[in-house]
Structures are given as C-alpha cells and as structure tokens.
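Topology and contacts: notes
Each chain, written out:
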Amino acid sequence: MTHQEINQSAPWWHYLKYAIVGIAFGIVFVKAEIISWFRIQEMFRLESFHMYGVIGSAVATGLISVLLIKKFNIKTLSGEEIKFHPKTFNKGQIYGGLLFGLGWAMTGACPGPLFAQVGTGATVIIISLLSAIAGTWVYGYFREKLPH
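Anyway, here's the lowdown on the structure attached to this text. Everything numeric in this text was worked out from a predicted model, so none of it was measured. (Residues numbered from 1 in each chain as written. Predicted model: local features only at pLDDT ≥ 70, side-chain atom pairs only at ≥ 80, totals over all residues. Heavy atoms only, no water.)

**Brief notes about the packing of aromatic side chains**
As enumerated under the stated definition, the model contains seven aromatic pairs in all. Consider the rings of Phe25 and Phe29, whose centres lie 4.5 Å apart with planes at 45 degrees: the pair is tilted. Linking Phe25 with Phe29, this pair stays in helix H2 (residues 16–31), spanning four residues, or about one helical turn. Here Phe25 falls in the exposed class, since its relative accessible area comes to 51%. With a centroid separation of 5.3 Å and 90 degrees between ring planes, the pair formed by Phe44 and Trp104 is classed as edge-to-face. Of the two residues, Phe44 sits in helix H3 (residues 37–44) while Trp104 sits in helix H5 (residues 91–107), which places them 60 residues apart along the sequence. Joined through ring pairs, the aromatic side chains of Phe44, Phe100 and Trp104 make up one cluster. Directly above the ring of Phe84 sits Lys70, whose terminal nitrogen or CZ lies 5.2 Å from the centroid. (Phe/Tyr/Trp six-rings, centres within 6.5 Å; stacked < 30°, edge-to-face > 60°. Helix = DSSP H or I, 4+ residues; strand = E, 2+ residues; numbered from the N terminus. Buried < 20%, exposed > 50% of the residue type's maximum accessible area, 1.4 Å probe, protein only. Lys NZ or Arg CZ within 6 Å of the ring centre and 35° of its normal.)

What follows is the structure, encoded as structure tokens:
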C-alpha cells in the first residue's frame, strides 16, 4: 500500500493535524498584520517596508530550506525522497502574475490568508474567497486553451 493510499483511507480525525497547523498559521498571519488591508495597501503604494520584509524573509527561508534539503538529502516524515523538478518560464506566468497582483491590490486579499481574514470577522472577504474559488474553477476549465 502506498503512502497516498494510506492517506485516502485514513479516518477523518487523521486530518486534524492539518487543521491545527492551519489555525496556528492563521494566528501568525493575524499577529504579524500580514492580512491587514491597510498593510497591503501600504505595500502597493510603496509607503511601508513591512510586507516586503515579510515576503523577503519568506523567500530567504524557502531558499535556505531548499539548499539544506538538497545538501543533506532530507526526506519527508514518511521517508520519501524530496524531488525538485526544473521549471520552464512561459509568458502565461506574466499574465497570471499581473492578474494576481491586480486582484490582490484591489481586494487587499491574497489567497493564503483569506480564511484568516474571514476568521477575524472581515466577512466581506467571503466575496473574495468565492471569487478565488470561481477563478480556480475557470482556470481549470480553460487550462488547455491558455498560454503555458
């Protein structure tokens, strides 16, 4: 039985660890003001370094993590090898990035913290959440016809 097959037959409570990590991550987002509409607007208006510092430190952490994983051949918790596949650049990434940035600037909501924003009582973000879900569905529907 493969790792994937084990996870598919796991009882519902097996997934509670993911909910706990997600809740903890949301709390960190709230405390660090990463989900703040005002902080996001400051970033897009180039009025504050706060969000650039957060994003930059995340990129640095990711870079160091990948280098350590490759150097020490670190495996997953279940013992599987972590593989990095080369990526090719295409013009669709430019269009997607521009569309993503435009939506982020207009709504003040990035897909990562949408649930944390709703959890803080900003229920208007439910519109952004539903829009993100609809956008994902539309992309999946038209994926084969889009530039990749």
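Anyway, onward from the coordinates.
**Some points on the environment of Phe84**
Inspection of the secondary structure assignment puts Phe84 in the loop between helix H4 (50–72) and H5. Residue Phe84 is classed as partly exposed on the basis of its relative accessible area of 39%. In this structure the C-alpha to C-alpha distance between Phe84 and Lys70, which are 14 residues apart in sequence, comes to 8.8 Å. Residues contacting Phe84, with those up to four places away along its chain left out, are Val66, Ile69 and Lys70. (Contact = heavy atoms within 4.5 Å.)

**A short note on the side chain of Ser128**
Within the element layout of this structure, Ser128 appears in helix H7 (residues 125–142). Residues within four places of Ser128 in sequence aside, it is in contact with Thr107, Ala109 and Leu114.

**A look at the packing of H3 against H4**
The geometry of H3 relative to H4 is characterised by a closest axis approach of 8 Å and an angle of 90 degrees between their N-to-C directions. Considering their axes alone, H3 and H4 lie roughly perpendicular with respect to each other. Between H3, through Arg39, Ile40 and Met43, and H4, the contact on the second element is made entirely by His50, Met51, Tyr52 and Ile55. Its residues placed into classes, the contact of H3 with H4 shows five nonpolar, one polar and one charged. (Axes fitted to C-alpha atoms, helices over the stretch in contact; angles between N-to-C directions. Parallel < 35°, antiparallel > 145°, perpendicular 65-115°, else oblique. Nonpolar A, V, L, I, M, F, W, Y, C, P; charged D, E, K, R; others polar.)

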